[in-house]
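Observations on the model geometry
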Amino acid sequence: RRGRHFPGRHRPFVVGADDAAQQRVAAQMRARAAVAAPDYVLNVGDNFYWGGVEKTCGTPMDEISFTAHHQFDQVFEKVYGGGGPAGGPPP
């Protein structure tokens, strides 16, 4: 159940927004980068909507399981991938 800690902020699941949150954020990041040509991107948001990945935060990438690596690729890399800042290669 959502909104347990902040019941005044609870709202129902919104199809078209909540089920595509990462894709919508990624689209806005690409649109902004196209006009601003950033030198870097500081992303401090939660990128693993709804279920997260199977490992805890801070686990080194060379220590994660095949399942976690697959989750990271599907939930982060394929959503936010592309050219790096100012059109350069991604890090």
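Our next topic: helix H1 (residues 21-36). The terminal C-alpha atoms of H1, which comprises 16 residues, lie 22 Å apart, in line with the 22 Å expected from a rise of 1.5 Å per residue. Positioned one or two residues after H1, Ala37 has a phi angle of 45°, which is positive.

Turning to a nonpolar patch on the surface, a few remarks are in order. Together, Tyr40, Leu42 and Val44 make up an exposed nonpolar region whose accessible area comes to about 430 Å². Here Leu42 lies in the loop between H1 and helix H2 (66-80). Of the residues examined, Leu42 reaches a relative accessible area of 70% and is grouped as exposed.

With that settled, consider the environment of Val25. Its location among the elements puts Val25 in helix H1. Using a relative accessible area of 36% as the deciding quantity, one classes Val25 as partly exposed.

Its 15 residues place the ends of H2 20 Å apart at the C-alpha level, agreeing with the 21 Å of an ideal helix rising 1.5 Å per residue. Along H2, the sharpest change in direction is near 35° and occurs at Asp73. Taken residue by residue, H2 has Ala68, Val79 and Tyr80 as its buried positions. The inward-facing, buried residues of H2 abut H1.

Calculation rules
Residues numbered from 1 in each chain as written. Predicted model: local features only at pLDDT ≥ 70, side-chain atom pairs only at ≥ 80, totals over all residues. Heavy atoms only, no water. Helix = DSSP H or I, 4+ residues; strand = E, 2+ residues; numbered from the N terminus. Expected span 1.5 Å × (residues − 1). Patch = residues over 30% accessible without salt bridge, like charges linked within 9 Å, V, L, I, M, F, W, Y side chains within 5 Å. Areas by Shrake-Rupley, 256 points an atom, 1.4 Å probe, with all protein chains shown as cover. Salt bridge = Lys/Arg side-chain N within 4 Å of Asp/Glu carboxyl O. Buried < 20%, exposed > 50% of the residue type's maximum accessible area, 1.4 Å probe, protein only. Bend = angle between axes of the 7 residues up to and from the residue. Contact = heavy atoms within 4.5 Å.

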